[in-house]
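Fold and geometry: a report
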Amino acid sequence: MKRMRIPMAAPERMPPEEMARLEEAVLGVLHSGEYIGGAQVEALELELAAAAGYRHCVGVSSGTDALWLLGAAVGIGPGDAVFVPSFTFSATAEAFALLGAEIILLDVREDTFNLCPDSLMRALALCRKEGKRVPRAVVAVDLFGQPADYGKLGEICKKEGLLLLRDSAQSFGCQCPPEWEADRFPRCISFFPTKPLGGIGDGGAVFLQEDGLYERLLSLREHGKGRDRYHPVRLGRNARLDAVQAACLRVKLRSFRDSQHLRERLAVRYSLALGPYAKVPVVQPGCVSAWAQYTLRLKKEEQRDRIQRALAEKGIGSAVYYPVPLHHMPMWEPKMELPVSEKLSRTALSLPIGPHVTDCQADEVCAVIRETIAKGG
């Protein structure tokens, strides 16, 4: 595959001083002999919990494992219905399906890409009318870095007696209005290298407020251990975070706010330049996006394809998240119509964003898009 001059992401491109700190952190772990868990992981968990406003943080092996472990900790299993947006990465539904739950897919809002409360209400009504499944949990995804509407979703879940879980794989660093009280809900994040807080491999974490849930997660991530791993009290799995990842994430956490300011600045620059030509991302009032992705909504699939080809010809990366909504994938039945998810899969296009993109490069991206739209309509 051709290496893009302006790639979608470039986690290896970082200031020399940060690279030096990462190398020092890796060597420190190497010489310590403490490679899995231990002091680095414990320190990272404390720092992340403080940064996110949660009482507890449990570091785990990936964002997908974070979702599975949280589902297992709250007791989701066979007979439970779990509501998930269709316009997301498959891991969101996969983690809970592997626990035996039945996945009910929902539509999203076109402006924010996030779960639509009205779609949830319709699905709940149908589920209760049929009486075949027990509604148990809603998994809201903070897609592309913007938080879902936890104000409305929280009200619905409280009224309906449902758990509300946050798939925040892409949104570490986002902010919600205080009145939403979004930090009441358990939250999973990913440290995949291209995420806003990315590691040098796989990793994830679960944020929690409840002490009992925290203790179950500690057990589940290490083979269901009791007082130690040789006295298990439940079925678990090996989903621990390694010390090298933790040490590197601690380094990156120190410069995270600077990185986020750069993403925010690029997003504003894109929106000002492209607003007259395409539908730019909408951030809900009172919210701050982590800007994991900057995603346009274009008129139609043909226009998106022309723009993507034009960008590639100039050595500029772009990406389609997500070309197939979950309800069109063979593992999820029955098939249904979720028109907004289907439309977004045909018209959404994400542009390069991150500390590796300069202002001049962002301007070049915008120029190519404006020229292509002007030529092709």
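The following paragraphs examine the structure supplied in this document. (Residues numbered from 1 in each chain as written. Predicted model: local features only at pLDDT ≥ 70, side-chain atom pairs only at ≥ 80, totals over all residues. Heavy atoms only, no water.)

Working definition: the strands of a sheet are paired by backbone hydrogen bonds and lie parallel or antiparallel to each other. Taken together, the 7 strands give an open sheet; going across it, the order is S1-S7-S6-S5-S4-S2-S3, and neighbouring strands pair in mixed fashion. At either end of the open sheet lies a strand with only one pairing partner, and these are strand S1 (56-60) and strand S3 (102-106). Each strand axis lies, on average, 25 degrees off the axis of its neighbour in the sheet, ignoring direction. By the bridge criterion, 5 bridges tie strand S2 (residues 80-85) to S3 in an arrangement that is parallel. Bridge pairing in S3 places Val-82 opposite Ile-103. The sheet contacts of helix H3 (residues 63-73) involve S1, strand S5 (163-167), strand S6 (187-190) and strand S7 (204-208), and relative to S6 the element is tilted by about 160 degrees. (Pairing = 2+ DSSP bridges. Helix = DSSP H or I, 4+ residues; strand = E, 2+ residues; numbered from the N terminus. Axes fitted to C-alpha atoms, helices over the stretch in contact; angles between N-to-C directions. Contact = heavy atoms within 4.5 Å.)

As enumerated under the stated definition, the model contains 22 salt bridges in all. The partner of Glu-181 in a salt bridge is Arg-184, with the nearest N and O atoms 3.5 Å apart. Residue Arg-184 is classed as partly exposed on the basis of its relative accessible area of 45%. Connected via shared salt-bridge partners are Arg-265, Arg-269, Asp-359 and Asp-363. (Salt bridge = Lys/Arg side-chain N within 4 Å of Asp/Glu carboxyl O. Buried < 20%, exposed > 50% of the residue type's maximum accessible area, 1.4 Å probe, protein only.)

Our focus in this paragraph is unusual backbone geometry. Backbone torsion omega between Tyr-321 and Tyr-322 reads 10 degrees, so that peptide bond is classified as cis. Here Tyr-322 is to be found in the loop between helix H10 (301-313) and helix H11 (339-347). The backbone phi angle of Glu-181 is positive, close to 50 degrees, even though this residue is not glycine. The topology assignment puts Glu-181 in the loop between S5 and S6. Taking the relative accessible area as the measure of exposure, Glu-181 reaches 43% and is therefore partly exposed.

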